[in-house]
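# Report on the structure
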Amino acid sequence: MLLRHTPQEITERHALTINPAKTCQPIGAMYAALGVHGCLPHSHGSQGCCAYHRSALTRHYKEPISAGTSSFTEGASVFGGQANLLQAIDNMFTVYEPEVVAVHTTCLSETIGDDLPQIIDKATKDGKIPKGKHVIYANTPSYVGSHVTGFSNMVKGMAMKAETTGVKNGKVNVIPGWVEPADMEEIKRLSGLIGVDIILFPDTSGILNGPLSGEYKMFPEGGTTMAELQSAGDSIGTLALGEWCSADGARYLDTNNKVPCRVLDMPIGLMATDRFVDAMRIIAGVSVPEELSHERGQLVDIISDMHQYFFHKKVALAGDPDQLISMVEFLVSIDMCPTHVVSGTPGKAFAKRIRELTAGLPYEVNVKCDQTADMFLLHQWIKNEPVDLLIGNSYLKYIARDEDIPLVRWGFPILDRQGHQYFPTVGYKGGIRLLEKILNALLDRKDRDDPEQSFELVM
Ligand code: SF4
């Protein structure tokens with residue numbers, strides 16, 4: 001029992017987090033930056049931070065992640081990192097020739113108070129940013145927020161590059177939130193089916209789920225181009241998929257570029273996907289295409305065929321707010337019972353939303369969503385109120401093993417399985433995949449546990 005020291009009795013903790021349900025801000029900023037075509041992320045801090053952020057993304061996406069670092073030593077920590085960042089910008093554009101450098105801060109550069117806009121302005125005036133190339137930035141102090149906040153901050157940094165010419169481009173900006181590259185591909189496919197021309201940013205499809213071609217490309221073909229980002233200020237509207245990951249960028253465009261925005265839930269599960277499809281079809285002024293109705297029908301068919309296996313199964317979840325809100329709604333809609341929910345990303349609206357979604361259940365769901373939310377508390381809740389299924393990232397495997405509960409890996413990070421980059425969980429097809437994973441986990445467990453007289457071939 002790897003977690004044998006977790007006691008069942010819960011005592012209140014204020015100053016200690018054990019196995020936090022989040023990771024640090026720059027990881028999200030780096031992931032978002034990789035969704036811009038020709039972009040080299042840059043970590044303004046010490047080498048150790050950058051190495052950690054790159055390795056965290058490499059372990060999840062199974063792709064090499066390139067990023068620069070300001071390589072702070074004692075001198076930069078005392079006198080500030082301006083000289084390091086100016087040199088780094090010069091080196092990166094000279095040696096690697098990216099289209100864009102996306103700078104994010106770290107705990108150290110934030111603590112000493114480095115002023116990114118001022119340093120980038122100096123780099124521009126000193127001629128260190130070649131003509132036609134760009135630097136975007138985000139402040140990502142990791143002692144507040146989480147990887148989700150970092151993602152959101154870098155998305156806002158992208159939105160700050162939008163320009164307004166006064167001539168509308170007829171497109172809709174879609175900010176997908178922190179989803180897998182395959183999810184971004186699926187959002188583009190759905191938009192194409194409905195007939196809406198979109199600017200998706202960021203877009204990591206083709207970058208972090210690309211093919212092995214035998215030829216190394218530092219900057220793969222995919223990603224949102226700078227021309228698209230600049231044109232986002234002329235779009236007819238913005239759909240932000242998720243309050244935590246995407247709304248800040250969308251609201252920035254609304255306020256500064258007069259591009260009206262709407263914040264939707266991530267299109268995960270039947271109802272959230274319905275709302276996304278409905279919003280897109282209204283924008284396009286069309287009926288839902290037959291192909292999409294067909295996919296929706298397939299998802300509904302699986303729900304009705306297998307409902308008896310979902311019914312009243314208790315689930316514990318850990319992850320990020322935008323994903324969890326849609327997932328909890330999906331689980332409730334198929335008569336499963338979310339029982340414990342934790343997220344290390346702060347946000348008061350989260351617990352309220354989860355309680356609204358689970359209001360019809362015969363018990364009050366345990367929810368914690370703040371900086372101190374951790375897997376330790378989730379484990380204690382499970383010891384007091386056991387569940388049938390765990391849904392979340394790879395760190396849940398320790399609880400799964402100790403408590404002998406099946407685990408569906410979903411979210412970030414998934415360090416010990418493959419497939420998440422290639423198969424979407426958004427949209428109707430994504431819903432089918434999620435149900436397949438949930439069903440397989442439940443039915444494998446049933447096959448293992450059933451006595452011989454009820455061990456069935458047909459299920
Ligand atoms: S928490 Fe701060 S110091 Fe630690 S890796 Fe993240 S940015 Fe660096």
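Residues numbered from 1 in each chain as written. Predicted model: local features only at pLDDT ≥ 70, side-chain atom pairs only at ≥ 80, totals over all residues.

The next point concerns the overall build of the protein chain. The helix and strand tally for the protein chain stands at 17 helices and 13 strands. By the compact-globule yardstick of 23 Å for 459 residues, the protein chain fits well, its C-alpha radius of gyration being 23 Å. On the principal axes, the C-alpha backbone points of the protein chain span a range of 80 × 55 × 45 Å. Of all 459 residues assigned to the protein chain, the portion counted as buried reaches 51%. (Helix = DSSP H or I, 4+ residues; strand = E, 2+ residues; numbered from the N terminus. Rg over C-alpha atoms; globule rule 2.2 N^0.38 Å. Buried ≥ 20, exposed ≤ 12 C-beta atoms within 10 Å, placed from the backbone.)

This part covers the pairing of strand β8 (residues 261-264). Across four bridges, the pairing between strand β7 (residues 237-241) and β8 is parallel. What sits directly across from L239, in β8, is R262. Taken together, β7, helix α10 (residues 243-257) and β8 constitute a β-α-β crossover, and its handedness is right-handed. (Pairing = 2+ DSSP bridges. Right-handed = clockwise from strand over helix to strand, strands pointing away.)

What follows deals with the domain arrangement of the protein chain. You can read the domains of the protein chain as domain 1 (25-159), domain 2 (172-284) and domain 3 (290-453). A separation of 25 Å is found between the C-alpha centroids of domain 2 and domain 3. Contact with domain 2, which involves 28 residues of that partner, is made by 29 residues of domain 3. Mapped by element, the contributors of at least two residues to the side of domain 2 that touches domain 3 are α8 (181-194), α10 and α11 (270-284). The element contributing the most residues to the side of domain 2 that touches domain 3 is α8, with eight residues. Of the residues belonging to the side of domain 2 that touches domain 3, the class tally is 17 nonpolar, five polar and six charged. (Domains from an automatic or database assignment. Contact = placed C-beta atoms within 7 Å. Nonpolar A, V, L, I, M, F, W, Y, C, P; charged D, E, K, R; others polar.)

In this section: the packing of helix α13 (residues 321-333) against helix α14 (residues 348-357). The angle between the axes and the distance between the axes are what describe a pair of packed helices. Running from N to C, α13 and α14 point in directions that differ by 10°, and their axes come no closer than 10 Å. Considering the angle they form, α13 stands roughly parallel to α14. Here α13 contributes P321, I325, V328, E329 and V332 to the contact with α14, which in turn contributes F350, R353, I354 and L357. (Axes fitted to C-alpha atoms, helices over the stretch in contact; angles between N-to-C directions. Parallel < 35°, antiparallel > 145°, perpendicular 65-115°, else oblique.)

A separate point is the environment of G222. Counting through the fold element by element, G222 comes out in the loop between β6 (198-200) and α9 (226-231). Residues G222 and V341, 119 residues apart in the sequence, show an inter-C-alpha distance of 35 Å. Residues in contact with G222, not counting those within four places in the same chain, are H37, D203, S205, G206 and I207.

Most peptide bonds take the trans form, and the phi angle of most residues other than glycine is negative. Following F201, the chain continues to P202 via a peptide bond in cis, the omega torsion being -10°. Relative to the helices and strands, P202 resides in the loop between β6 and α9. With an omega dihedral of -5°, the bond running from F412 to P413 counts as a cis peptide bond. You can see P413 is positioned in the loop between β13 (407-409) and α17 (427-449). Backbone geometry at K258 places phi at a positive 60°, although glycine is not the residue there. With respect to the helices and strands, the residue K258 is situated in the loop between α10 and β8.

On to the packing of α8 against α17, then. Running from amino to carboxyl end, α8 crosses α17 at an angle of 140°, the nearest separation of the two axes being 9 Å. As the angle between them shows, α8 and α17 are arranged oblique. Within the contact between the two elements, α8 uses D183, E186 and L190 and α17 uses G427, K429 and G430. Residues belonging to the contact of α8 with α17 are distributed by class as follows: one nonpolar, two polar and three charged.

Where burial is concerned, most of strand β3 (residues 100-105) is hidden: six out of the six residues are buried. As paired strands, strand β1 (residues 39-44) and β3 are joined by six bridges and run parallel to one another. From the neighbouring strand, S43 faces β3, where its bridge partner is H104.

Strands sit in the order β6-β5-β7-β8 across an open sheet of four strands; the sheet is parallel. In this open sheet, the two edge strands, each paired with only one partner strand, are β6 and β8. The average angle at which neighbouring strand axes cross in this sheet is 20°, direction not considered. As paired strands, strand β5 (residues 172-175) and β7 are joined by four bridges and run parallel to one another. Its bridge partner being in β7, I175 is matched across the sheet by A240. Most of the contacts of α8 go to β6, to which it runs at about 175°, and overall it touches β5 and β6.

We now examine helix α6 (residues 116-125). The complete set of buried residues in α6 reads L116, I119, I120 and A123. The arc that holds the buried residues of α6, viewed along the axis, is 95°, so those residues lie on one side. In α6, those exposed residues whose orientation departs by more than 90 degrees from the buried face are P117, Q118, D121, T124 and K125. The inward-facing, buried residues of α6 abut α4 (82-95), β3 and β4 (134-138). G127 lies just past α6 and shows a positive phi near 75°. (Arc of directions from axis to C-beta.)

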